[in-house]
Amino acid sequence: ISAIPTVTVTVDGGQTKVYGQSDPVFTYQSSDPGVEFTGALNREAGEDVDTYAITQGTLAADGYVINFVPADFTITAMPITVTADAQTKVYGDVDPDLTYQYTPALITGDSFSGALERADGENIGTYAISQGTLTLGDNYNITFTGANLTITTRPITVTADDKIKNQGEVDPPLTYTITSGSLAFSDAFTGALARISGELVGTYAITRGNLALNANYNMTFIEGTLTISEIPTVTVTVHSDQTKVY
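Since the structure is predicted, the reported quantities are computational estimates derived from the model, not experimental observations.

*Asks:* Talk me through the overall build of the protein chain; I want residue IDs and the actual numbers.
*Replies:* Broken down by element type, the protein chain carries zero helices and 21 strands. What you see for the protein chain is a C-alpha radius of gyration of 43 Å, clearly larger than the 18 Å of a compact globule of 246 residues, by over 25%. For the protein chain, the spread of C-alpha atoms along the principal axes amounts to about 180 × 30 × 20 Å. Evaluated residue by residue, the protein chain yields a buried proportion of 27% over its 246 residues.

*Asks:* Describe the nonpolar core, naming the residues involved and giving the relevant values.
*Replies:* Core analysis: the largest hydrophobic core is formed by 31 residues, its most contacted members being Phe37, Ile80, Phe112, Leu136 and Tyr140. Of all the secondary structure elements, the ones that give two or more residues to this core are strand 1 (6-11), strand 5 (50-55), strand 7 (71-76), strand 8 (78-84), strand 13 (140-145) and strand 14 (147-152). With 16 residues, the next largest nonpolar core counts Tyr91, Ile156, Val158 and Phe221 among its residues.

*Asks:* Summarise the sheet that holds strand 15 (residues 154-160); cite the residues concerned and give the values.
*Replies:* With respect to topology, three strands assemble into an open sheet ordered 17-15-20, the strand pairing being mixed. This sheet does not close on itself; its edge strands, each paired only once, are strand 17 (176-180) and strand 20 (217-222). The sheet shows a mean angle of 30° between the axes of neighbouring strands, taken without regard to direction. In this sheet, strand 20 lies alongside strand 15 in parallel orientation, the contact comprising six bridges. Bridge pairing in strand 20 places Val158 opposite Phe221.

*Asks:* I'd like to hear about the packing of aromatic side chains, residue by residue, with values.
*Replies:* This model, assessed by the stated rule, comprises eight aromatic pairs. Seen in terms of ring centroids, Phe26 and Phe73 are 5.1 Å apart; in terms of plane orientation they differ by 75°. Their pairing is edge-to-face. In this pair, Phe26 sits in the loop between strand 2 (15-18) and strand 3 (28-30) while Phe73 sits in strand 7, placing the two residues 47 residues apart along the sequence. Measuring from centroid to centroid gives 5.5 Å for Tyr28 and Phe37, while their planes differ by 75°, and the two rings are edge-to-face. Feature note: the residues Tyr91, Phe185 and Tyr217 constitute an aromatic cluster, connected by ring pairs. Taking NZ or CZ as reference, Arg43 lies 5.1 Å from the ring centre of Tyr52, over its face.

*Asks:* Residue-level account of the sheet that holds strand 7, with values.
*Replies:* Within the open sheet, the four strands sit side by side as 2-7-5-4. Their pairing is mixed. Edge positions in the sheet fall to strand 2 and strand 4 (42-43), since each has one partner strand and no second. Across four bridges, strand 2 lies against strand 7 in parallel orientation. When the sheet's bridge partners are listed, Gln15 is paired in strand 7 with Phe73.

*Asks:* Could you give an account of the pairing of strand 12 (residues 125-130), with specific residues and numbers?
*Replies:* Bridge analysis of strand 11 (residues 117-118) against strand 12 gives two bridges, and the strand direction is antiparallel. By the bridge assignment, Arg118 is partnered in strand 12 with Ile129. Connecting the antiparallel pair strand 11 and strand 12 is a turn made up of six residues, with Gly121 showing a positive phi of about 145°. Pairing of strand 12 with strand 14, which is carried by five bridges, proceeds in the antiparallel orientation. Opposite Ile129, over in strand 14, you have Ala147 as the bridge partner.

Thresholds, definitions, all that
- Residues numbered from 1 in each chain as written.
- Predicted model: local features only at pLDDT ≥ 70, side-chain atom pairs only at ≥ 80, totals over all residues.
- Heavy atoms only, no water.
- Helix = DSSP H or I, 4+ residues; strand = E, 2+ residues; numbered from the N terminus.
- Rg over C-alpha atoms; globule rule 2.2 N^0.38 Å.
- Buried < 20%, exposed > 50% of the residue type's maximum accessible area, 1.4 Å probe, protein only.
- Core = buried A, V, L, I, M, F, W, Y, C linked by side-chain atoms within 4.5 Å.
- Pairing = 2+ DSSP bridges.
- Axes fitted to C-alpha atoms, helices over the stretch in contact; angles between N-to-C directions.
- Phe/Tyr/Trp six-rings, centres within 6.5 Å; stacked < 30°, edge-to-face > 60°.
- Lys NZ or Arg CZ within 6 Å of the ring centre and 35° of its normal.

These figures capture arrangement, not role.
Structure below.
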């Protein structure tokens, strides 16, 4: 009785695929090129990034005993590019949503978790948007391209209140009203209004003086008018024919 011959099948090493792709046909080398094989190799189940043993599967050779030498199959992370969208907001407003674009499409059923972040600060300027906690897990290799959040000045309009006084009187307090926009946070004005000098009867422009806000504002100032009026004339009439007894 003749012994059943043995043929050695050695799985090719270094076989890989990118996460989400179809498996390749698993290849091997035979110690006897003249042997005809049927069936095919298989591998351990799993689709996440990892290594999986390639098994003999249904591979067979009629009349031969197969000496099987396995190897590993590797699933590598899928490369994906995420690009942050540039954003802008007005000083004092709430941050907009930090959004992004990505390519290529995700594998069906997968989704991002986490969110982008941006450098701290609320004054006008540019702040880098970073990847933050945004992730797709180990099955993806994210290349992140950042952008900036730009904070612009807050527009505000201040209008001087018109005033009036009589000639010779002390000036009334020069006041103003915010007629468009608003202050943010706990910000406050500094300085005070002024007016064109003069005490004669007439009108005098009320100017911005040194009224100011910090550099985060773009203030538009509308002048008012101080009107100096003549002192009213009082007419005194003496009653005639006034008498007394000696």
